[in-house]
Amino acid sequence: MIAPPDRTPLPRSFFDRPVLQVAPDLLGRVLVRTTSDGPISVRLTEVEAYDGPNDPGSHAYRGRTARNAVMFGEPGHVYVYFTYGMWHCMNLVCGPEGRASAVLLRAGEVVEGMELARRRRPTARDDKELAKGPARLATALEVDRALDGTDACTAGETPLRMLAGTPVGAEQVRSGARTGVAGEGGNGDIHPWRYWVADDPTVSPYRAHVPRRRRS
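Overview of the structure. Keep in mind that this is a model prediction, so the values were computed, not measured. (Residues numbered from 1 in each chain as written. Predicted model: local features only at pLDDT ≥ 70, side-chain atom pairs only at ≥ 80, totals over all residues. Heavy atoms only, no water.)

Moving on, we come to the side chain of D55. Positionally, D55 belongs in the loop between strand 3 (38-50) and strand 4 (78-83). A polar contact of 3.0 Å, which involves the side chain of D55, links it to the backbone nitrogen of D51. Polar side-chain contacts of D55 include one of 2.9 Å to the backbone nitrogen of G57. Residues contacting D55, with those up to four places away along its chain left out, are A49, Y50, Y61, R178, H191 and W193. (Helix = DSSP H or I, 4+ residues; strand = E, 2+ residues; numbered from the N terminus. Polar contact = N/O pair within 3.5 Å; in protein donor to acceptor, adjacent residues only side chain to side chain. Contact = heavy atoms within 4.5 Å.)

So, about the pairing of strand 7 (residues 160-165). With six of its six residues buried, strand 7 lies for the most part within the structure. Where strand 1 (residues 6-9) meets strand 7, two bridges bridge the pair, whose relative direction is antiparallel. Following the sheet pairing, P9 is matched in strand 7 by L163. The sheet contact formed by strand 2 (residues 30-35) and strand 7 spans four bridges and is antiparallel. Bridge pairing in strand 7 links R33 to L160. (Buried < 20%, exposed > 50% of the residue type's maximum accessible area, 1.4 Å probe, protein only. Pairing = 2+ DSSP bridges.)

And the structure:
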């Protein structure tokens, strides 16, 4: 008999570790988004680690800005950014306060609130695509910049909370180059910091960085 996912909230100490330890350990954990229409829960199947000043692919590589300020704060908080003028992506802050490392939540399986997720992702061809990719995940969960800085470890009412779920065994974890990251940060031999659950259909396809063309 398979035990149901653990609904115990993850403690702040879980996130107060090096980002390369936290990232693979998030696979199989459950993120709960509480909305006025009800909860939506996603089992995480793909993440990417970003290691602040040691990582040219990180938003915090060149220091603190108004955009990335949450990354420098307390671990266990949510960092949300807006990209390409249309999409939001969400991260979980890790490591000691002031260190600015975070894990990008790239993909997951919707395990609760399926109808709500479908309503927010009407273009998804099937349920496996509802949260297949970081922007799709944020859209399915109705996450935007208004949730930047949310504490995902608080015991009280919160719009986002991380639960223990069912951790993935090491034999099921794969790693490789991060998606869409330019330069050295996208080199999988140097930074194999994308982690995913092997053979899971909700994991997004890998795409190398493609430089954006400037309009003439």
